[in-house]
Number of protein chains: 2
Amino acid sequence: MTEQVTVAVDAGGADLGPSEVAAGAAIAAERGVRVKLFGDASRIDSVPSGVEVIDAPLSIAKEPDAARAVRANPGSSIVQAVRAVAAGEADAFVSGGSTGAALAAGLFDIKRGRGIHRPALAVPIPVPGAPVTLLDVGANVEVRADHLVQFAFMGAAFAQSVLGIERPRVALLSNGEEATKGTSVVVAAHEEIARRAAASPILEFVGNVEGTDVVAGAADVVVTDGFTGNVALKLIEGVSQMMIGAIRDVATSTPRAKAGGLLLRPALRGFRDEIDPEGPGGAYLLGLRRLGVVPHGRFTRFGFSQAILLAARGVTGDVVGRTHGALESAGALRARPSAADANSPQGADGSDDRSSPSDPSSTVSAP
Amino acid sequence: MTEQVTVAVDAGGADLGPSEVAAGAAIAAERGVRVKLFGDASRIDSVPSGVEVIDAPLSIAKEPDAARAVRANPGSSIVQAVRAVAAGEADAFVSGGSTGAALAAGLFDIKRGRGIHRPALAVPIPVPGAPVTLLDVGANVEVRADHLVQFAFMGAAFAQSVLGIERPRVALLSNGEEATKGTSVVVAAHEEIARRAAASPILEFVGNVEGTDVVAGAADVVVTDGFTGNVALKLIEGVSQMMIGAIRDVATSTPRAKAGGLLLRPALRGFRDEIDPEGPGGAYLLGLRRLGVVPHGRFTRFGFSQAILLAARGVTGDVVGRTHGALESAGALRARPSAADANSPQGADGSDDRSSPSDPSSTVSAP
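Conventions we followed
Residues numbered from 1 in each chain as written. Chains lettered and ligands numbered in written order. Predicted model: local features only at pLDDT ≥ 70, side-chain atom pairs only at ≥ 80, totals over all residues. Heavy atoms only, no water. Helix = DSSP H or I, 4+ residues; strand = E, 2+ residues; numbered from the N terminus. Least-squares fit on C-alpha atoms with pLDDT ≥ 70 in both. Contact = heavy atoms within 4.5 Å. Pairing = 2+ DSSP bridges. Axes fitted to C-alpha atoms, helices over the stretch in contact; angles between N-to-C directions. Buried < 20%, exposed > 50% of the residue type's maximum accessible area, 1.4 Å probe, protein only. Lys, Arg positive; Asp, Glu negative; His and termini not counted. Salt bridge = Lys/Arg side-chain N within 4 Å of Asp/Glu carboxyl O. Polar contact = N/O pair within 3.5 Å; in protein donor to acceptor, adjacent residues only side chain to side chain. Buried area = accessible area lost by both parts, 1.4 Å probe. Arc of directions from axis to C-beta.

Caption draft 1: Representation of unusual backbone geometry in the model. Residues and elements named next belong to chain A. Across the junction of leucine 135 and aspartate 136, the peptide omega takes the value -5°, indicating a cis bond. Here aspartate 136 is to be found in the loop between β6 (132–135) and α5 (145–161). Here the phi dihedral of aspartate 318 falls at roughly 55°; this positive angle occurs in a residue that is not glycine. Examined against the element boundaries, aspartate 318 turns out to sit in the loop between α10 (301–316) and α11 (319–329).

Caption draft 2: Main features of the relation of the copies chain B and chain A. Screw-axis analysis of chain B against chain A gives a translation of 0.0 Å along the axis, an RMSD of 0.0 Å, and a rotation angle of 180°. Taken together, the rotation and translation describe the operation of a two-fold axis. Residue glycine 260 of chain B of chain B places its C-alpha closer to the rotation axis than any other residue of that unit, at 1.8 Å. Comparing contact sets, 100% of the residues at the interface of chain B also lie at the interface in chain A, consistent with an isologous, same-surface contact.

Caption draft 3: Region of interest: the sheet that holds strand β3 (residues 51–55) of chain B. All names here are of chain B. If you walk across this open sheet you meet the eleven strands as β3-β2-β1-β4-β11-β10-β5-β6-β9-β7-β8, and the pairing is mixed. Because the sheet does not close on itself, it has two edges, and the strands there are β3 and β8 (204–209). Going across the sheet, the axis of each strand differs from the next one's by a mean of 25°, ignoring polarity. Bridge analysis of strand β5 (residues 120–125) against strand β6 (residues 132–135) gives four bridges, and the strand direction is antiparallel. Its bridge partner being in β6, alanine 122 is matched across the sheet by leucine 135. Sheet strands in contact with helix α5 (residues 145–161) are β5, β6, β7 (169–173), β9 (221–223) and β10 (283–286), and its direction is about 160° off that of β9.

Caption draft 4: A look at the side chain of aspartate 225 of chain B. Residues and elements named next belong to chain B. Along the chain, the position of aspartate 225 falls in the loop between β9 and α8 (226–250). It is arginine 118 that comes nearest to the buried, bridge-free aspartate 225 among opposite-charge side chains, at 9.9 Å. Of the polar contacts made by the side chain of aspartate 225, one reaches the backbone nitrogen of phenylalanine 227; its length is 2.9 Å. Separated by 2.7 Å, the side chains of aspartate 225 and threonine 228 make a polar contact.

Caption draft 5: Region of the structure containing the sheet that holds strand β5 (residues 120–125) of chain A. Residues and elements named next belong to chain A. One open sheet holds the eleven strands; their spatial order is β3-β2-β1-β4-β11-β10-β5-β6-β9-β7-β8, and the pairing between them is mixed. Both edges of this open sheet fall to β3 (51–55) and β8 (204–209), since each of them pairs with a single strand only. Between one strand axis and the next, the sheet turns through 25° on average, direction left out of account.

Caption draft 6: Layout of the interface of chain B and chain A. Across the boundary between the two partners, chain B contributes 56 residues, which contact 56 residues of chain A. Both faces considered, chain B and chain A share a buried interface measuring about 4700 Å² in area, 76% of it formed by carbon and sulfur atoms. Among the residues chain B hides against chain A, the three largest losses belong to Asn175, Phe227 and Leu235 of chain B. Together they make up 14% of the total. Here glutamate 210 of chain A and lysine 234 of chain B are joined by a salt bridge, their closest N and O atoms 2.5 Å apart. The interface formed by chain B and chain A includes ten residue pairs in polar contact (both at pLDDT 80 or more). Within the residue set of the side of chain B that touches chain A, elements represented by two or more residues are α6 (184–198), α7 (211–214), α8 and α9 (255–274) of chain B. A total of 19 residues in the side of chain B that touches chain A trace back to one element, the largest contributor, which is α8 of chain B.

Caption draft 7: Local environment of the environment of valine 170 of chain B. All names here are of chain B. Considering the arrangement of structural elements, one finds valine 170 in strand β7. Judged by its relative accessible area of 0%, valine 170 is buried. Sequence-wise, valine 170 and leucine 291 are 121 residues apart; in three dimensions their C-alpha atoms are separated by 21 Å. If near-sequence neighbours (up to four positions away) are discounted, valine 170 is found in contact with Ala152, Ala156, Leu203, Glu204, Phe205, Val206, Gly207, Ala219, Val221 and Val223.

Caption draft 8: Quick look at helix α11 (residues 319–329) of chain B. Residue and element names in this part refer to chain B. Those residues of α11 lying buried are Val319, Thr323, Ala326 and Leu327. One side of α11 carries all its buried residues, which in axial view fall inside an arc of 95°. Those residues of α11 that are buried are in contact with α5, β11 (291–294) and α10 (301–316). Glycine 331 sits one or two positions beyond α11 and adopts a positive phi of about 65°.

Dropping the structure here:
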């Protein structure tokens, strides 16, 4: 199914180095995905079959000003990978980061999809029995209501084409379940999503969810602004780690507890696999003309292989086309997309799209 | 130390009924706090010594429009308890909710402290080894930078006088640690808190924290707007519950795991006590001329006794005076407090204090 798909992979942002990314690419190549790997060829021990290595020794993954680094370094591994997609030599890109650089390069070279206000970062969170995709987790720190409306349909199209959820349940994150709860932006978005969802079969709008319900299976997709989403994603990560640490402490606190911990260990291993953030492949950059995936820099080959395989699934599932179709059927495309606008990531339509490539958050981390 | 303190307690909002609240009042009375208990006297089996029961059968804890219910029902148990404080017959109040009704009644009858823009709800979260107080968790869904600045000093004064932390480390919740990260409101608040904290010995401003760090001991007090804070508080609750549930499932998944779970159980009990949300007593309503505490309606007598005892500690520790002093020393009092303003919870100073008693969030829950 994914035999025809080519994924451009930037090996520059991986903490474990380009060889680990190449090993992930090899796993994906074995499953039928063609990979163009951009990275420091001298640090890649052996080139797996099905993987083409393009030497790009310069990494800008650690640059603090991501947008400036992207502009200044067209030869960097991430810019080359993104440009391969823009040139039609690959169908999607995968980069270990930084997220800010991926967002900036995507906006500069691939451009936003027609009629889309803002790209958004979506992270599928592996909650046992209640997986949920959260967006935006940091691309847009401040949003308008019509941005949140688009995120709802972008998230639904993603859940359909990449995660295989036929009619995703989409919720809006707020401080109460009632439609009147939330900031003025959230209240306006609620009304608008409800209205547009009624006319669109692609998603089921389940209304507002509170923080308690995000990991309780209340929805498949949870929509919020990039500030709240980033805080929420990192809180989920922090609280999970804290609980695991506390229970580890409990399980070594007395000889009796130690014995119990040893007996539990094999069963806990399965649980750890279930909540492994590498499984979903990372953060998905939605709203461009092609799909981008940003695995966390600390991921192993498994996480990179998942990112490549899920990017390929997004291509065969036509996440870009479905996103456009979902927005169009819901009447949620931006009113006056122009050719000029399409060529400027900063927006030439007079809208206050303040999330220019100079301020994408580079702080997003996969959970 | 707390012998002279009188706490007005509303028994109307407790899920377990007024007798449970009376039992909590008895525990506090034994420790030297005088309690005036407002509730349905016919449902209170025996009146503990040190507790005066004032019959107030009407509860508005379940009313959806809290502010309207407060206005319409001066005889309700919560309004009577709050008015006892306003009249000087008690020093602080405790109410099992609703939070919205407590906020509205506090604003109407006790009034905001002089120079304070907005009251805020603070919740001490019992993280093992890294307790943290989060504010605002829902009183102000939308805030200005100067509101966040005041919350920083209000939270610090609370941590000093109620939690006994000498020089609290205060952080601002954001989507990145750099001072430039966050919404425009957060960025402006960061600059202002840093500037004012440098001139004030009462707190140490540790800058921005991300979601990951909230429960990792990075700060004693974490400041945010009521929307993000409410989402964060409930996420902490939801993720903790999810993790406990998942580990319970693991510990019953195989005979071997079951045996391990049984051996661990005694040690886990201590951990559960450590994270018991009843320990810190609930949510604290800061910024009024007297302290209010809102234990969760589902709390047992232990939680109500903690709320009463900690309210009394806030009185002897002079949380109200310290709050004013902290704001004054930092130059963070509102510029032109007027007599008219003090009598109107809606603000008569021309500032857009939109958090009128008609829109306090009634959805806040203790963790």
